[in-house]
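Below are the chains, spelled out letter by letter.
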Amino acid sequence: MRAISCAATLLGLMALLATAALARDDGRYANSPLKPWFESLHSEYGQCCSDADGYVIADVDWESDRGHYRVRIDDEWVVVPDGAVITVPNKIGRTMVWKHYIDGHPRVRCFMPGSMT
């Protein structure tokens, strides 16, 4: 009986966390000509969502070393997994990151390097 209660609690917690992590499009970019392109972006971790869900990263907050990336999110340097890097041409030129959190620490779901101007 205790195992069933623990499993039910765990399942409920997982459903709550998954619901809270869903991206929400507030409609700001509904008429943008780049909206379909943003919505098509994906990494090995899934859809990156849209521009409203991504964050522009300043050049000083990301770096590349021999084809691998690091990005500063919330004052914490995070290694970008190779599978999170978006390889299609960057149509906006700005570096963007789509993030989520695990145990209170930022993680990268998608990363699109910019031009470092």
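Residues numbered from 1 in each chain as written. Predicted model: local features only at pLDDT ≥ 70, side-chain atom pairs only at ≥ 80, totals over all residues. Heavy atoms only, no water.

> Describe the sheet that holds strand β3 (residues 55–57), with residues and values.
Read from one edge to the other, the open sheet built from 3 strands follows the order β3-β7-β8, with strand pairing classed as antiparallel. Each of the sheet's edge strands pairs with one partner strand only, and the pair in question is β3 and β8 (105–112). Within this sheet the neighbouring strands show an average axis-to-axis angle of 50°, counted without direction. In the sheet, β3 pairs with strand β7 (residues 95–102) via 3 bridges, with the strands oriented antiparallel. Within the sheet, the bridge partner assigned to Ile 57 lies in β7 and is Thr 95. (Pairing = 2+ DSSP bridges. Helix = DSSP H or I, 4+ residues; strand = E, 2+ residues; numbered from the N terminus. Axes fitted to C-alpha atoms, helices over the stretch in contact; angles between N-to-C directions.)

> Explain the nonpolar core to me, using residue names and the numbers behind them.
Core analysis: the biggest nonpolar cluster contains 12 residues, these being Ile 57, Trp 62, Tyr 69, Val 71, Ile 73, Val 78, Val 80, Ala 84, Val 85, Val 97, Val 108 and Phe 111. Contributing elements (two or more residues each) for this core: β5 (68–73), β6 (76–80) and β8. With 3 residues, β5 is the largest single contributor of residues to this core. Setting aside anything within four residues of it in sequence, one finds Ile 73 in contact with Val 78, Val 97, Lys 99, Tyr 101, Pro 106 and Val 108. If you look at the next biggest cluster of nonpolar residues, it comprises 9 residues, including Leu 41, Cys 48, Met 96 and Cys 110. (Core = buried A, V, L, I, M, F, W, Y, C linked by side-chain atoms within 4.5 Å. Buried < 20%, exposed > 50% of the residue type's maximum accessible area, 1.4 Å probe, protein only. Contact = heavy atoms within 4.5 Å.)

> Give a detailed account of the confidence of the model for the chain, specifying residues and quantitative values.
Do not read the predicted coordinates in detail wherever pLDDT is low. When pLDDT is averaged across the chain, the result is 78; 72% of the residues are at 70 or more. Low pLDDT, under 50, characterises residues 2–24; the stretch is placed with 4 contacts to residues that sit more than four places away or in other chains. (pLDDT = per-residue confidence, 0-100.)

> Provide a residue-level description of the environment of Val 80, including the pertinent values.
Locating Val 80 in the fold gives a position in strand β6. Its relative accessible area of 2% is what places Val 80 among the buried residues. The contact partners of Val 80, leaving out residues within four places of it in the chain, are Tyr 69, Arg 70, Val 71, Val 85, Val 108 and Phe 111.

> Talk me through the packing of aromatic side chains; I want residue IDs and the actual numbers.
Tallying each qualifying case throughout the model produces 4 aromatic pairs. Relative to Tyr 69, the ring of Trp 62 has its centre 5.9 Å away and its plane inclined at 40°; by these criteria the two rings are tilted. Through a chain of ring-to-ring contacts, three or more aromatic side chains come together here, namely Trp 62, Tyr 69 and Phe 111. Over the ring of Trp 77 we find Arg 70; its NZ or CZ atom is 4.3 Å from the centre of that ring. (Phe/Tyr/Trp six-rings, centres within 6.5 Å; stacked < 30°, edge-to-face > 60°. Lys NZ or Arg CZ within 6 Å of the ring centre and 35° of its normal.)

> Hey, could you go over the pairing of β8 for me, with residue numbers and the actual values?
Alignment of β7 against β8, held across 7 bridges, turns out to be antiparallel. Counterpart to Trp 98 in the pairing with β8 is Cys 110. Counted between consecutive antiparallel strands, the loop separating β7 from β8 contains 2 residues, among which Asp 103 sits at a positive phi close to 50°.

> Tell me about the pattern of salt bridges, and please be specific about residues and values.
Pairing is possible between side chains of opposite charge, provided their charged atoms come close. Throughout the structure, instances matching the rule amount to 5 salt bridges. Here Arg 66 makes a salt bridge to Asp 65, at a shortest N to O gap of 3.2 Å. (Salt bridge = Lys/Arg side-chain N within 4 Å of Asp/Glu carboxyl O.)

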